[in-house]
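Spelled out, the chains give:
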Amino acid sequence: MSERNHTRNPGTGLLGPNFSRRNRQQPTDDRAGEHRWMAIDESGYHGDQLHGHDRYMILGSVAIDDTEAAVIVDTLRREAGIQKPAREVKFQKMFTDGGAGHRRRLLSELLAPDGPLHDRASVYAIDKHYFVAAKLVDLLLEERFHALGYDIVSNGVGRQLALDLATEGPRALGRDGFDRLIATAVGFFSKKNRTGDQVTVDDLYAVIRESYAYARRRKAPQAKKAAEVLDMLRKTRPEAEEFARERPAEATPTGEHGLLDDTMDPLITAVPTAILHASIRYGGKLQVLADDQRLLTDDKLEVLERGATAVGLVHGLIKGNHLQDLVRGRSVDHPSLQLADLVAGAGRVVARWHDGEDDPAGDELHPVVAPLVDPQGMLAEEGPEDFARVDSDRAKRR
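Residues numbered from 1 in each chain as written. Predicted model: local features only at pLDDT ≥ 70, side-chain atom pairs only at ≥ 80, totals over all residues. Heavy atoms only, no water.

> Please provide a residue-by-residue account of the packing of aromatic side chains, values included.
Following the criterion strictly, the structure yields five aromatic pairs and no others. Ring centres 5.1 Å apart and planes at 75° place the aromatic pair Phe-188 and Phe-189 in the edge-to-face group. Pair check on accessibility: Phe-188 and Phe-189 agree, each one buried. Residue Phe-188 is classed as buried on the basis of its relative accessible area, which comes to 1%. Grouped by ring-pair contacts, the aromatic residues Phe-188, Phe-189 and Phe-243 constitute a single cluster. A cation sits over an aromatic face here: Arg-36 above Tyr-282, 4.2 Å from the ring centre. (Phe/Tyr/Trp six-rings, centres within 6.5 Å; stacked < 30°, edge-to-face > 60°. Buried < 20%, exposed > 50% of the residue type's maximum accessible area, 1.4 Å probe, protein only. Lys NZ or Arg CZ within 6 Å of the ring centre and 35° of its normal.)

> Describe the environment of Leu-161, and please don't skip the residues or the numbers.
With respect to the element layout, Leu-161 can be found in helix H5 (residues 157-189). In this structure Leu-161 comes out as buried when scored by relative accessible area, which is 10%. Sequence separation between Leu-161 and Met-232 is 71 residues; the distance between their C-alpha atoms is 9.9 Å. (Helix = DSSP H or I, 4+ residues; strand = E, 2+ residues; numbered from the N terminus.)

> Hey, could you go over the environment of Gln-222 for me, with residue numbers and the actual values?
Looking at the element boundaries, Gln-222 is found in helix H7 (residues 221-233). As a C-alpha pair, Gln-222 and Gly-169 span 53 residues in sequence and 8.2 Å in three-dimensional space. Aside from chain neighbours lying at most four places away, what touches Gln-222 is Glu-168 and Arg-171. (Contact = heavy atoms within 4.5 Å.)

> Kindly report on the pattern of salt bridges, identifying the contributing residues and their values.
A complete count under the given rule lists 21 salt bridges for this structure. The partner of Arg-31 in a salt bridge is Asp-29, with the nearest N and O atoms 3.1 Å apart. Residue Asp-119 pairs with Arg-281 through a salt bridge whose shortest N-O separation is 3.9 Å. A residue pair is termed long-range when its members are at least 10 positions apart, and Asp-119 in the loop between helix H3 (101-111) and strand S3 (121-127) and Arg-281 in helix H9 (residues 267-282) qualify at 162 residues. (Salt bridge = Lys/Arg side-chain N within 4 Å of Asp/Glu carboxyl O.)

The following block contains the structure:
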């Protein structure tokens with residue numbers, strides 16, 4: 001067995017040297033210093049493997065420390081009938097089945113405007129289909145246009161191209177054809193393809209050409225939009241070859257090459273943005289506690305910390321560093337992380353419901369979760385007002 005399987009790290013259940021730092025054992029307490037604590041947890045996260053799992057990744061956050069969260073969790077346990085043998089409160093295990101309606105009502109009360117988590121909880125939702133389409137534009141088309149002397153970022157053209165491909169692609173290519181395009185792009189850009197032996201440049205461009213030929217034959221106006229983006233992508237082979245040449249070698253430690261190494265990881269977008277918006281909302285620096293999971297190595301946390309430090313300065317939204325510390329902990333030891341799990345889990349079922357899945361949990365939690373959605377998130381580029389519109393449309397159909 002490897003060293004990783006033998007070395008225990010205090011403050012986390014994760015073993016080995018990749019998780020030996022950035023662990024928080026003691027409870028978080030806002031009274032202990034000048035920097036406010038925020039707990040974050042994800043749902044539907046599988047690193048850069050954005051195909052073959054849930055369509056949505058949710059990052060739930062709660063600006064609360066363990067001292068105050070413990071009181072809320074204990075009250076929820078008592079009123080929801082969650083017995084002590086259950087070491088922690090988990091959304092997926094305790095709030096999703098058909099008999100959990102009472103528990104979901106209690107959670108709704110926590111998140112409601114007059115509840116104890118009002119104005120503290122936030123949901124950042126990423127539509128993985130849009131995310132992959134945006135990466136095709138960002139990593140290939142943007143590079144090509146930049147070489148030609150055009151900026152398609154600041155004028156919003158790049159974003160519109162990604163939206164056209166993500167929203168009209170399924171109609172232009174059919175579900176199976178669009179799914180194949182997304183799966184091939186994920187396979188090409190992911191870290192598992194560092195040596196290029198799983199999805200080659202030839203593989204990627206064969207699918208892009210076939211997708212364009214299929215979309216071009218469709219007569220619907222929506223298909224024309226997707227075909228135009230695919231036509232542009234057909235001409236970006238040199239940019240893909242350059243990406244393949246520059247990608248890190250398989251043995252390179254994660255994080256050393258920054259965003260190139262983690263180019264398809266949605267947390268690179270979600271965590272820095274969530275921290276930035278929380279800092280703007282609450283003021284001052286934040287201390288952030290993340291739930292421990294194997295994909296969040298020490299190197300990955302350092303990449304996320306660098307991203308969170310830089311993003312506000314780049315956009316001119318703040319004057320200085322707004323992140324004091326980014327650490328991990330076990331949710332069983334930190335009630336604040338249990339509340340973040342409830343927010344992330346609620347966001348995930350609402351995202352599924354919003355996408356058409358018939359789920360009582362999503363239906364019941366939608367009214368209180370929709371206002372928590374960060375408008376900078378990418379749930380098909382829709383915000384709370386679009387959730388409200390879908391809610392109204394569903395009501396009319398009933």
